[in-house]
Amino acid sequence: MSEGKKILGTNRKARFNYSIEDSLECGIVLEGTEVKSVRAGNVSFADSFCFIEKGEVWMQNFHIAEYSFSSVFNHEPDRRKKLLLHRDQIKRLARKVDEKGYTLIPLDFYLKDGRVKVTLGLCKGKKQFDKREDIRERDINRDMAREFRRGLQG
């Protein structure tokens, strides 16, 4: 069976503000109308983060808009979501997060074989000069690609 993967959202802000040390795939506990809303792409997770509490990983500030075709029994858009990981993965992440400067940030949301998955990144915050360096590199690469295209076109 081929692995079907449909990306629903990417946290571009996290890739700019943090350097990603490690990443892993995990499941997420969702209610019925939340799944339908996620499949429709009604998610916002620009400032979301994860934390470990009592041996469980929770995601905070992840907004899933209410499903428009549902009845009065809709979900709460800003509730905490539980992430599904193995116990040894949680222990390893807890040891890393206890170090100074590390945090857990959701990087991607996607459907994998019909299930909603999250790529969780172990990240360390970038300093201002690191961000400027990334912008400079992106501009240089864009200029090089532009010159390359001009050279091909004649």
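Note: the structure precedes this text.
Asks: Pulling in residues and values, what's your account of the overall build of the protein chain?
Replies: The number of helices and strands found in the protein chain is four helices and nine strands. With the principal axes as the frame, the protein chain shows a C-alpha extent of 60 × 40 × 35 Å. Sorting the 154 residues of the protein chain into buried and exposed places 32% on the buried side.

Asks: So what's going on with the side chain of Thr119? Residues and values would help.
Replies: Within the secondary structure layout, Thr119 lies in strand 9 (residues 115–125). Those residues in contact with Thr119 that sit more than four places away from it in its chain are Ser23, Leu24, Ile105, Pro106, Leu107, Asp108 and Tyr110.

Asks: An account of the pairing of strand 2 (residues 18–28) is requested, with residue identities and associated values reported.
Replies: Across nine bridges, the pairing between strand 2 and strand 9 is antiparallel. Note that in strand 9 the partner of Ser23 across the bridge is Gly121. Bridging between strand 2 and strand 7 (residues 81–84) involves two bridges; their strand directions are antiparallel. Bridging from a neighbouring strand, Ile28 pairs with Leu83 of strand 7.

Asks: Can you explain the layout of surface pockets? Please cite residues and give values.
Replies: Space inside the largest pocket adds up to approximately 160 Å³. Together, Gly27, Ile28, Leu30, Val35, Arg39, Leu84, Gly114, Arg115, Val116 and Lys117 line the largest pocket. Those elements that place two or more of their residues in the lining of the largest pocket are strand 2, helix 2 (32–39) and strand 9. Sort the elements by how many residues they give to the lining of the largest pocket and strand 9 lands first, with three residues. When its residues are assigned to classes, the lining of the largest pocket shows five nonpolar, two polar and three charged.

Asks: How would you sum up the pattern of salt bridges? Please name residues and give values.
Replies: Considering all chains together, one arrives at eight salt bridges under this definition. Among the salt bridges present, the one from Lys112 reaches Glu25, with a minimum N-O distance of 3.3 Å. Taken as a pair, Lys112 in strand 8 (residues 102–112) and Glu25 in strand 2 lie far apart in primary sequence, 87 residues in all. With a relative accessible area of 19%, Lys112 lands in the buried category. Across the salt bridge formed by Glu56 and Lys82, the nearest N and O atoms sit 3.1 Å from each other. One end of the pair, Glu56, is in strand 5 (residues 56–60); the other, Lys82, is in strand 7, and 26 residues separate them in sequence. Overall, the relative accessible area of 29% leaves Glu56 in the partly exposed class. Exposure remark for Lys82: the relative accessible area of 28% places this residue in the partly exposed category.

Asks: Go over unusual backbone geometry with me, naming the residues and quoting the values.
Replies: One non-glycine residue, Lys54, adopts positive backbone phi at about 55°. Looking at where Lys54 falls in the secondary structure, it is placed in the loop between strand 4 (49–53) and strand 5.

About the cut-offs
Residues numbered from 1 in each chain as written. Predicted model: local features only at pLDDT ≥ 70, side-chain atom pairs only at ≥ 80, totals over all residues. Heavy atoms only, no water. Helix = DSSP H or I, 4+ residues; strand = E, 2+ residues; numbered from the N terminus. Buried < 20%, exposed > 50% of the residue type's maximum accessible area, 1.4 Å probe, protein only. Contact = heavy atoms within 4.5 Å. Pairing = 2+ DSSP bridges. 1 Å grid on protein atoms, 1.4 Å probe; cavity = no way out; pocket = protein on both sides within 12 Å on 5 of 7 lines; lining within 4 Å. Points joined across faces, edges and corners; volume = space filled by probe spheres on them. Nonpolar A, V, L, I, M, F, W, Y, C, P; charged D, E, K, R; others polar. Salt bridge = Lys/Arg side-chain N within 4 Å of Asp/Glu carboxyl O.

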